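# Coordinates in review
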Amino acid sequence: MTLLLPKEIRKIGTTDLKITWNDLHQSLYPFPYLRQNCRCAFCIDERSGKQILIKDNVNPNLEAFKVTPVGQYALRIDFSDGHNTGLYTLQHLRQLCPCKECS
Ligand SMILES: [Zn+2]
Ligand SMILES: [Zn+2]
């Protein structure tokens, strides 16, 4: 099995993140959707694993200023609401792919 890695990571305007994977699958993630699935200590209770973040409170027009690769395994996203503590591992991102094929 080959390791899934992004071939290309691109911001689509201010609304979406597009990842083209090395198996040529393409994932398009709206930024509010990524924000809703943040797994940092502010959004997920570490002990129970329960989500603290209230998804409905995420601004549907949320943007991202910056997407920064962290090593070979994750992305850090600077959201326009000031949240930037979440690390999105590539594995998690692939699981989050909202396309029909993956869901
Ligand atoms: Zn978070
Ligand atoms: Zn997909």
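One structure accompanies this document, and this report is about it.

Criteria and cut-off values
The written sequence of each chain sets the order in which its residues are numbered from 1. For naming, the first written chain is A and the first written ligand is 1, with later ones following in the order written. The model is predicted, so local features are restricted to residues of pLDDT at least 70 and side-chain atom pairs to those at 80 or more, both for listing and for counting; the totals for chains, interfaces and linings are taken over all residues. Side-chain numbers come from the whole structure's heavy atoms, not from hydrogens or water. With water excluded from the atoms, a metal site may look incomplete; its donors are any N, O or S atoms within 2.8 Å, or within 3.2 Å for Na, K and Ca. The way it works is that DSSP assigns letters per residue, a run of H or I at least four long becomes a helix, a run of E at least two long becomes a strand, and they are numbered from the N terminus. The rule is simple: take the accessible area with a 1.4 Å probe, protein chains only, and divide by the maximum for that residue type; under 20% is buried, over 50% is exposed, in between is partly exposed. Two strands qualify as a pair provided that DSSP identifies no fewer than 2 bridges between them. Each axis is a line fitted through C-alpha atoms, taken for helices only over the stretch in contact, and angles between the N-to-C directions span 0 to 180 degrees.

### Re the coordination of the zinc ion (ligand 1)
- Donor atoms from the polypeptide that bind the zinc ion (ligand 1) are Cys38 (SG), Cys40 (SG), Cys43 (SG) and His83 (NE2), placed at 2.1 to 2.3 Å.
- Of note, the zinc ion (ligand 1) draws all its donor residues from one chain, in the sequence arrangement C-x1-C-x2-C-x39-H. Taken as a pair, cysteine 38 in the loop between helix H1 (31-36) and strand E4 (64-70) and histidine 83 in the loop between strand E5 (74-79) and strand E6 (87-89) lie far apart in primary sequence, 45 residues in all. Of the two residues, cysteine 38 and histidine 83, neither departs from the other in class, the shared state being buried.

### As for the sheet that holds strand E3 (residues 26-30)
- One open sheet accounts for three strands, arranged E1-E2-E3; its pairing is antiparallel. Edge positions in the open sheet fall to strand E1 (6-12) and E3, since each of these has one partner strand only. Between one strand axis and the next, the sheet turns by 15 degrees as a mean value, whatever way the strands run.
- Looking at chain direction, strand E2 (residues 16-21) and E3 are connected through five bridges and run antiparallel. Looking across to E3, one finds that lysine 18 is bridged to leucine 28.

Taken by themselves, the reported measurements are silent on function.
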